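Okay, here's what each chain looks like letter by letter:
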Amino acid sequence: MSKNALITGASRGIGRAIAIEFARAGYDLTLCCIKNIDTLKLLAKDLTDTYKVKCKAFQADVSDPEAVRSLFSKIEPPSVLINNAGISYVGLVTDMTDDDWKHTIDTNLSSVFYMCRAAIPHMLLEFSGKIINVSSVWGESGASMEVAYSASKGGLDAFTKALAKELAPSGISVNAVACGLIDTDMNSHLSDEELTDVVSDIPADRIGKPAEVASVILSLAESTNYLTGQIIKVDGGWM
Ligand code: NAD
């Protein structure tokens with residue numbers, strides 16, 4: 001199978017760092033995002049020019065099953081699927097609307113089902129493949145004011161473990177990386193004081209970098225398929 005990775009949510013933050021790390025390692029890339037397609041196209045061009053890999057950018061809402069079908073009709077099937085796209089919702093559960101709930105679960109969890117369902121048939125034919133999901137430490141421990149987000153990531157962890165068992169006989173590994181506090185726009189709602197407060201609870205005494213998450217994800221993509229069904233925390237020893 002060729003070295004060919006599909007990364008969702010690659011326009012910024014952790015997804016962008018994953019795209020750079022994989023291009024540097026020689027992977028051809030399919031990148032997608034929901035809004036910032038011009039930024040994503042610039043990144044794709046930059047990676048093509050710098051690392052001489054093939055890199056294509058697509059706008060696709062991965063929470064929409066039709067959009068995922070349409071995306072897969074236009075691309076080379078990936079040997080590595082990285083489900084990174086996600087959104088956060090911060091607020092009391094009693095203030096959430098039906099739409100807020102559905103949007104969070106659809107974006108963070110249902111999207112991964114749609115992407116895996118589309119990617120797995122080709123991996124089965126090849127008897128190889130890697131699926132890596134980007135989860136959160138809140139998936140295991142839960143966070144106040146982030147109930148829907150925690151539920152979506154807890155569901156993602158269970159999805160990862162169950163799918164790993166389903167696909168291990170077919171030579172395909174499925175793992176998740178559960179991030180702690182990582183320096184991206186997702187945390188831009190936190191004030192400096194709030195950030196300092198959170199960091200004081202992290203043994204590593206600092207916020208994590210997107211590139212650190214990306215390097216763990218690349219290691220998973222390059223490792224044995226016997227490593228499967230794992231939720232690997234990248235959180236500076238926080239949880
Ligand atoms: P970010 O907000 O910087 O980037 C999110 C990316 O997801 C963007 O590229 C956006 O276009 C894409 N996206 C959102 N909804 C989408 C949709 N419906 N379809 C396609 N793309 C969509 O966030 P980030 O911090 O880089 O987060 C990446 C992943 O890491 C998420 O799954 C997030 O839950 C997880 N995570 C982040 C942190 C953190 O502290 N930053 C902690 C734990 C987990």
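First, a word on what this report is: a plain description of the structure on this page. (Residues numbered from 1 in each chain as written. Predicted model: local features only at pLDDT ≥ 70, side-chain atom pairs only at ≥ 80, totals over all residues. Heavy atoms only, no water.)

Looking at the pairing of strand S2 (residues 28-33)
Of all the six residues making up S2, five are buried; the element is thus mostly covered by neighbouring parts of the structure. Where strand S1 (residues 4-8) meets S2, five bridges bridge the pair, whose relative direction is parallel. Residue asparagine 4 lies in a different strand from S2, and its bridge partner there is aspartate 28. A crossover links S1 with its parallel partner S2, the connecting element being helix H1 (residues 13-24), and its sense is right-handed. Relative to strand S3 (residues 55-59), S2 runs parallel, the two sharing five bridges. Paired with threonine 30 across the strands is lysine 56, a residue of S3. Once the chain exits S2 it traverses helix H2 (residues 37-51) before rejoining the sheet at S3, and the crossover so formed is right-handed. (Buried < 20%, exposed > 50% of the residue type's maximum accessible area, 1.4 Å probe, protein only. Helix = DSSP H or I, 4+ residues; strand = E, 2+ residues; numbered from the N terminus. Pairing = 2+ DSSP bridges. Right-handed = clockwise from strand over helix to strand, strands pointing away.)

A closer look at the sheet that holds strand S7 (residues 231-234)
Hydrogen bonds between backbone groups are what pair the strands of a sheet, and the pairing can be parallel or antiparallel. Strand order in the open sheet made by the seven strands is S3-S2-S1-S4-S5-S6-S7, with parallel pairing throughout. Of all the strands in the sheet, just S3 and S7 have a single pairing partner and so form its edges. Between one strand and the next, the sheet's axes are offset by a mean angle of 15°, whatever the strand orientation. Here strand S6 (residues 172-179) runs beside S7; their pairing, made up of four bridges, is parallel. What sits directly across from cysteine 179, in S7, is valine 234. (Axes fitted to C-alpha atoms, helices over the stretch in contact; angles between N-to-C directions.)

Regarding the site of the ligand
In the vicinity of the ligand there are 28 residues, among which Ser11, Arg12, Asn84, Tyr149 and Thr184 approach most closely. Between an oxygen atom of the ligand and a main-chain N or O atom of asparagine 84, the distance comes to 2.7 Å. One nitrogen or oxygen atom from the side chain of asparagine 187 is found 2.8 Å from an oxygen atom belonging to the ligand. Expressed as a share of its isolated accessible area of 830 Å², the protein-covered part of the ligand is 95%. Broken down by element, the residue count for the shell around the ligand peaks at three residues, all from strand S5 (residues 129-136). A per-class count over the shell around the ligand returns 14 nonpolar, 11 polar and three charged. (Near = heavy atom within 4 Å. Polar contact = N/O pair within 3.5 Å; in protein donor to acceptor, adjacent residues only side chain to side chain. Areas by Shrake-Rupley, 256 points an atom, 1.4 Å probe, with all protein chains shown as cover. Nonpolar A, V, L, I, M, F, W, Y, C, P; charged D, E, K, R; others polar.)

A word on the pattern of salt bridges
Inspection of every chain in the model, using the stated rule, returns eight salt bridges. Among the ionic pairs, aspartate 49 bridges to lysine 45, the shortest N-O distance being 2.6 Å. Within this pair, aspartate 49 and its partner lysine 45 are both found in helix H2, separated by four residues, close to a single helical turn. Exposure remark for aspartate 49: the relative accessible area of 39% places this residue in the partly exposed category. A salt bridge links glutamate 140 to lysine 233; the shortest N-O distance between them is 3.5 Å. Remark: lysine 233 occurs in strand S7 and glutamate 140 occurs in helix H5 (residues 138-141); sequence separation between them is 93 residues. Taking relative accessible area as the criterion, lysine 233 reaches 34% and is therefore assigned partly exposed. (Salt bridge = Lys/Arg side-chain N within 4 Å of Asp/Glu carboxyl O.)

Comments concerning the packing of helix H4 (residues 98-126) against helix H6 (residues 147-167)
The axes of two packed helices give the description: the angle between them and the distance between them. In the contact formed by H4 and H6, the axes pass within 8 Å of each other and the chain directions differ by 15°. Judged on the interaxial angle alone, H6 and H4 are roughly parallel. Both H4 and H6 take part in a crossing whose hand is right-handed. Residue-level contacts link Trp101, Thr104, Ile105, Asn108, Leu109, Val112, Phe113, Cys116, Ile120 and Leu124 of H4 to Ala148, Tyr149, Ala151, Ser152, Lys153, Gly155, Leu156, Phe159, Leu163 and Leu167 of H6. Counted by class, the contact of H4 with H6 contains 15 nonpolar, four polar and one charged residues. (Parallel < 35°, antiparallel > 145°, perpendicular 65-115°, else oblique. Left-handed = near helix turned anticlockwise from the far one by under 90°. Contact = heavy atoms within 4.5 Å.)

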